[in-house]
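Residues per chain are reported as follows:
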Amino acid sequence: MSGPAAAPGSGTPKALPSSGPRSLRDMPHPLAPAASEEAAAALSPSPDLPLPRSIADKDLSLPNGTPVDTSSPASSSSLLNRLQLDDDLDGETRDLFVTVDDPKKHVCTMETYITYRVTTKTTRAEFDLPEYSVRRRYQDFDWLRNKLEESQPTHLIPPLPEKFVMKGVVDRFSEEFVETRRKALDKFLKRIADHPVLSFNEHFNVFLTAKDLNAYKKQGMALLSKMGESVKYVTGGYKLRSRPLEFAAMGEYLDVFALKLGTIDRIAQRIIKEQLEYLVELREYGPVYSTWGGLEVELGEPLEGVSACIGNCCTALEELSEDMTEDFLPVLREYILYSESMKNVLKKRDQVQAEYEAKLEAVALKKEDRPKVPTDVEKCQDRVECFNADLKADMERWQNSKRQDFRQLLMGMADKNIQYYEKLISCSTGDEDHAFEIGLLYMIETWSEGIVVCN
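Described below are features of the structure shown in this document. (Residues numbered from 1 in each chain as written. Predicted model: local features only at pLDDT ≥ 70, side-chain atom pairs only at ≥ 80, totals over all residues. Heavy atoms only, no water.)

Our next topic: the nonpolar core. Core analysis: the biggest nonpolar cluster contains 33 residues, and Phe328, Tyr335 and Trp398 have the highest contact counts within it. Mapped onto this core, the elements with two or more residues apiece are helix H9 (245-295), helix H10 (300-365) and helix H11 (375-426). Sorting elements by how many residues they give to this core places H10 first, with 14 residues. If near-sequence neighbours (up to four positions away) are discounted, Trp398 is found in contact with Leu156, Tyr253, Leu254, Phe257, Tyr335, Tyr338 and Met342. Core analysis: the second largest hydrophobic core is formed by 29 residues, Val100, Ile114, Leu160 and Phe207 among them. (Core = buried A, V, L, I, M, F, W, Y, C linked by side-chain atoms within 4.5 Å. Buried < 20%, exposed > 50% of the residue type's maximum accessible area, 1.4 Å probe, protein only. Helix = DSSP H or I, 4+ residues; strand = E, 2+ residues; numbered from the N terminus. Contact = heavy atoms within 4.5 Å.)

See the structure below:
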């Protein structure tokens, strides 16, 4: 990424903010084993409560098998090291393909909105036809995501692009904004279509196939699943004793990851802002040489060469800024939202565990001896184990997608910057190069003579 090194008057560049008063290298890794037995005990479940095997398990390795000492993007170098992994996600056979394209603007009496064409091709028996094409607006995508959260509370639901206008974009109907949103919506549906559970959800099927989605919306809010209802209501004021060690480490990892991405996002936006300000000045700078060349016959050719070179620099910088705005920033923002979604699922898991612990305590307080654990406690334990298994599997899938996306993103931006500087070098080749050299030598000689005269 290129651009001005710093804003005028900024002085010495400031170091990136860390997540605490200590250096990141001195901080224990979020997914590393506890540094002491006391730290492990603080994160372990209460010993007086019988917990399911998945909770009692204290395996600290990531679900995808990544070593615990290389899992946190604590610095740019560690993040780049993590990108040196295989591209393949899981080698699954795909039988559902979804694309979002052809945005159209609709102007009505009450509102103006954009719809997108959603095309589906599949060989699954759950679909009556092999291909569907429907039109959906943003609020339809939002409806789908809400339904998935209701019906699949144990799974990570991919984030939608933010509803409101992104920072720096004034017109939400501009071509640039609509195209950026279309790409994000396309990625949203593709992530759902590739998920082994979410892709079979009935609401997803309706979204892809129904010609009139409003008919389904008017049926009202469907009842929450038993698990979702339990998660939302039964925990009351009970406070979770402690997260199992692996899920506590997962939460710390997400906090660090979101913090670092947020810092990168802010810096990237500042770089783009400074590049655009520099571009405005550069566009005013080039024509000055053309005007000057019209006044000086002897300098006309070299000055026109300088003007043309500056024009090429403007074009190259504009392309680089567009690439950062359209390709780099959206991915950063998506993964910031993704980490928030994962934290929400983690909180739901904690609520289910809190319910389980509360019921166990209630049973323990009763006077009479019970030869068996009550059925509702067993069901609650099953829900905890289900939540744990689903969350681990989704974390693994998310880590794999993240590696692939960030490798592609960072390598792509490196290539864009290389191309940018190659264009700057090539803009002064051939006749322009010769003209540029003549003009530069003449200006140096003229300025030197002027300095001598002034002295």
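Right, picking up where we left off after that structure.
The next subject is the sheet that holds strand S2 (residues 112-122). A sheet is described by the order of its strands in space; here three strands give the open sequence S1-S2-S3, paired in antiparallel fashion. A single partner strand is all that each edge strand has here, and the edge strands are strand S1 (96-107) and strand S3 (131-137). Neighbouring strand axes in the sheet, compared pairwise and without regard to direction, differ in orientation by 20 degrees on average. Taken together, the seven bridges between S2 and S3 define a ladder with antiparallel strand orientation. Its bridge partner lying in S3, Arg117 is registered against Arg135. Packing of helix H4 (residues 138-151) onto the sheet brings it into contact with S1, S2 and S3, and relative to S3 it is tilted by some 105 degrees. Sheet strands touched by helix H5 (residues 175-193): S1 and S2. Its angle to S1, the strand with the most contacts, is close to 150 degrees. (Pairing = 2+ DSSP bridges. Axes fitted to C-alpha atoms, helices over the stretch in contact; angles between N-to-C directions.)

Turning our eyes to something else, we now look at empty space enclosed by the protein. Any empty space left between the atoms is revealed when a probe the size of a water molecule rolls over them. All chains considered together, the criterion is met by two cavities of 30 Å³ or more. When its volume is computed, the largest cavity comes out at roughly 60 Å³. The wall of the largest cavity is formed by Arg145, Glu149, Gln152, Pro153, His155, Ile157, Ser341, Asn344, Val345 and Lys348. In terms of residue class, the lining of the largest cavity is built from three nonpolar, four polar and three charged. (1 Å grid on protein atoms, 1.4 Å probe; cavity = no way out; pocket = protein on both sides within 12 Å on 5 of 7 lines; lining within 4 Å. Points joined across faces, edges and corners; volume = space filled by probe spheres on them. Nonpolar A, V, L, I, M, F, W, Y, C, P; charged D, E, K, R; others polar.)

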